[in-house]
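# What the coordinates show
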Amino acid sequence: MDIQENIINKVAQSGLVTLDPASFYPQGERVLYDIKDNLYMELMLREKDFREFVKAHDWAQYAGKNVAITCTADAIVPAWAYMLIANKLAPHANEVVFGDLDVLETVLFVKAITSIDLEQYRDQRIVLKGCGDIPVPVSAYVELTQKLTPIAKSLMFGEPCSTVPIYKRKD
């Protein structure tokens, strides 16, 4: 007896557009610059010593890198200290932010997402891919949701074979 089964890929026929936020992963090494190393006894900033350090330090070593500036010590650091470091990093680094590496990742993803042409997703049924090899911050999913909701027909999270509905336009 010959039984011939036709396997139908319903996911492929569904018209879903899969968007992988990891595809927007900004390249470049991530570096945390901790200003605590420039504090006297990790307690306070001495302006003269700090300015001498800033002047003498090799800032070119941050060329092409993405840098987050922070202070992990429990100390009061004046805003101008962060500004001096940012000023010296700006000609060399790809990106400079105030905060930790999570803040840096958020800023990098938001900038990448802001640069995409969203018109290609107009009136589409979109699935934001939920897992992969590259960790995507939740902030990237929030940013994509904010950008896609006004233009998409529907928005889902997960994989095309197993999605969580987020938004569906009522026509």
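Residues numbered from 1 in each chain as written. Predicted model: local features only at pLDDT ≥ 70, side-chain atom pairs only at ≥ 80, totals over all residues. Heavy atoms only, no water.

### Description of helix H5 (residues 138–148)
Regarding H5, the residues found buried are Ala-140, Tyr-141, Glu-143, Leu-144 and Leu-148. Seen along its axis, H5 keeps its buried residues to an arc of 160 degrees; they face one direction. Exposed residues pointing more than 90 degrees away from the buried face of H5 are listed as Val-138, Val-142 and Gln-146. Residues of H5 that are buried in the fold lie against strand S1 (16–19), helix H4 (101–114), strand S5 (125–129) and strand S6 (154–159). (Buried < 20%, exposed > 50% of the residue type's maximum accessible area, 1.4 Å probe, protein only. Helix = DSSP H or I, 4+ residues; strand = E, 2+ residues; numbered from the N terminus. Arc of directions from axis to C-beta. Contact = heavy atoms within 4.5 Å.)

### Quick look at the pattern of salt bridges
Once the charged atoms of two side chains with opposite charge are near each other, the side chains can pair. Under the counting rule described, the total for this entry stands at 9 salt bridges. Close ionic contact of Glu-29 with Lys-65 constitutes a salt bridge, the shortest N to O distance being 3.8 Å. Linking Glu-29 in the loop between S1 and strand S2 (30–34) with Lys-65 in the loop between helix H2 (47–56) and strand S3 (66–70), this pair joins segments that are 36 residues apart in sequence. (Salt bridge = Lys/Arg side-chain N within 4 Å of Asp/Glu carboxyl O.)

### Observations concerning unusual backbone geometry
Its identity as a non-glycine residue notwithstanding, Met-41 has a phi of 55 degrees, on the positive side. Of note, Met-41 is situated in the loop between S2 and H2. At Glu-42, a position not held by glycine, the phi torsion is positive, near 55 degrees. Tracing the backbone through its elements, the reader meets Glu-42 in the loop between S2 and H2. Look at Glu-42 and you get partly exposed, because its relative accessible area is 39%.

### Brief notes about the packing of aromatic side chains
If you walk through the whole model with that rule in mind, you get 8 aromatic pairs. Where Tyr-33 meets Tyr-62, the ring centres are 6.4 Å apart and the plane angle is 75 degrees; that geometry is what we call edge-to-face. Of the two residues, Tyr-33 sits in strand S2 while Tyr-62 sits in the loop between H2 and S3, which places them 29 residues apart along the sequence. Ring centres 5.4 Å apart and planes at 75 degrees place the aromatic pair Tyr-141 and Phe-157 in the edge-to-face group. Taken together, the residues Tyr-141 in helix H5 and Phe-157 in strand S6 connect sequence positions 16 residues apart. Tyr-141 sits in the buried class, given a relative accessible area of 15%. Ring-pair connections join several aromatic residues into one group, and the members of that group are Tyr-33, Phe-53, Trp-59 and Tyr-62. The ring centre of Tyr-40 lies 3.6 Å from the NZ or CZ of Arg-46, which sits over that ring. (Phe/Tyr/Trp six-rings, centres within 6.5 Å; stacked < 30°, edge-to-face > 60°. Lys NZ or Arg CZ within 6 Å of the ring centre and 35° of its normal.)

### Observations regarding the confidence of the model for the chain
For the chain, the mean per-residue pLDDT works out to 89, and 92% of the residues sit at or above 70. This stretch, residues 8–13, has a pLDDT under 50; its non-local contacts, to residues over four places away or in other chains, come to 3 contacts. (pLDDT = per-residue confidence, 0-100.)

### Considerations on the side chain of Ser-154
Turning to its location among the elements, Ser-154 is positioned in strand S6. Its relative accessible area of 6% is what places Ser-154 among the buried residues. Contacts of Ser-154, omitting those with residues within four sequence positions, involve Gln-124, Arg-125, Ile-126, Tyr-167 and Lys-168.

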